[in-house]
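# Fold and geometry: a report
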Amino acid sequence: MPGTDARESTTPISWTRGSQDRPAALVERVPYVELRLEHPSLEADRFGDAFFPDAIPYEFRGERRVFYWRSVLPPDGPAPADWTGVCATTHGLRTLTADGTRSPPLWREGATGDGAASGTDAVHEIIVDGTVAGDSTVAAVREYSPPAIAVRSADADAVSLETPAGSLSVPAGERTTVELSSQSVRSATGDETRTVTPQLRVRYPGLRTLYHPARGSDTAVFPSFGLDLEALPNPVPVPTAAGELDDRRLAAALGIDLSERPYPERVLWQAVAYGAFDPHRETEPRLSQPGEDLLRLENPTT
């Protein structure tokens with residue numbers, strides 16, 4: 001065909017229908033707060049390498065969403081009926097409830113030289129430059145005293161926190177940075193000491209509809225993009241260019257108009273396209289449709 005790149009072709013990808021008996025995805029409208037604890041004066045010694053962020057925030061058809069397409073909540077925890085909100089950090093997602101203070105994960109404690117973290121010799125992996133639900137740069141240090149930070153409450157109007165610098169209230173739609181007390185830390189790999197000044201960054205978007213796979217599941221959940229599994233061909237003729245998936249041509253071949261979707265949702269399309277139909281994946285994707293507007297992938301590769 002004139003004008004067609006000779007390297008463009010299609011690869012048939014067979015798929016398997018997944019179980020309809022799996023627990024339903026979580027779809028909850030809740031207060032949603034983001035926290036980062038950064039240490040910008042340090043030099044990073046580890047960088048993230050995720051291809052897609054865990055969460056995609058966007059607005060579609062009047063609904064303000066935060067789409068966690070793969071599971072990041074701990075497998076056990078309070079039922080959604082008991083949630084008063086959720087808190088997203090550089091280290092995951094935690095639910096908030098009314099029965100007490102919640103201290104979200106803002107750092108990670110590593111191992112000491114003998115493999116057990118304890119006392120002043122414990123290694124803390126702390127954030128240098130952080131991204132909520134995405135890649136962050138990390139430094140490993142010793143003699144670090146984690147600041148006590150807790151979310152007291154969150155509602156449609158504001159989120160309230162307790163920090164070493166005092167109580168803090170951030171109205172919905174606002175963000176702020178709190179500089180905490182400086183401290184001396186030691187490199188995890190030597191005796192070099194540095195003074196660090198932790199900075200707590202708070203962003204409170206307000207009420208959002210949270211989408212998340214069922215707790216503890218190994219599934220990924222996405223918008224359906226108008227797909228109907230009953231009409232999805234099997235195998236799917238997946239367009240490729242130079243042997244790699246062409247996600248835009250795949251959308252067009254399946255009748256999906258990405259131009260009608262906001263850019264963040266097009267990122268979700270890339271995640272499901274590569275997760276399910278990458279020609280290099282070694283197993284057949286298992287797809288199911290837990291609801292008219294959702295698509296579930298039971299063995300994601302991304």
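Residues numbered from 1 in each chain as written. Predicted model: local features only at pLDDT ≥ 70, side-chain atom pairs only at ≥ 80, totals over all residues. Heavy atoms only, no water.

### Re the overall build of the chain
Per the secondary structure count, the chain includes two helices and 23 strands. Considered along the principal axes of its C-alpha atoms, the chain spans approximately 65 × 45 × 35 Å. Relative to its full complement of 302 residues, the chain shows a buried share of 45%. Put simply, 65% of the contacts in the chain that link residues at least 6 apart link residues at least 24 apart. With an accessible surface of roughly 14,700 Å², the chain has 46% of that area assigned to carbon and sulfur atoms. (Helix = DSSP H or I, 4+ residues; strand = E, 2+ residues; numbered from the N terminus. Buried < 20%, exposed > 50% of the residue type's maximum accessible area, 1.4 Å probe, protein only. Contact = heavy atoms within 4.5 Å. Areas by Shrake-Rupley, 256 points an atom, 1.4 Å probe, with all protein chains shown as cover.)

### A few points about the sheet that holds strand 23 (residues 294–297)
What links the strands of a sheet is backbone hydrogen bonding, and the strands pair in either a parallel or an antiparallel sense. Taken in spatial order, the four strands make up an open sheet running 2-22-23-19, and their pairing is mixed. At either margin of the open sheet sits one strand with a lone partner, and together these are strand 2 (16–17) and strand 19 (220–223). Where strand 2 lies against strand 22 (residues 286–291), two bridges are found, and the strand directions are parallel. When the sheet's bridge partners are listed, Arg17 is paired in strand 22 with Leu287. Of the strands in this sheet, strand 19, strand 22 and strand 23 are in contact with helix 2 (residues 263–277), which crosses strand 19 at around 135°. (Pairing = 2+ DSSP bridges. Axes fitted to C-alpha atoms, helices over the stretch in contact; angles between N-to-C directions.)

### A word on the pairing of strand 13 (residues 158–163)
The pairing of strand 12 (residues 150–154) with strand 13 spans four bridges and is classified as antiparallel. Counted as the bridge partner of Ala154 is Val159 from strand 13. The loop that links strand 12 with its antiparallel partner strand 13 comprises three residues. In the sheet, strand 13 pairs with strand 14 (residues 166–171) via six bridges, with the strands oriented antiparallel. Bridge assignment links Val159 to a residue of strand 14, and that residue is Val170. Connecting strand 13 to the next strand, strand 14, in antiparallel fashion are two residues.

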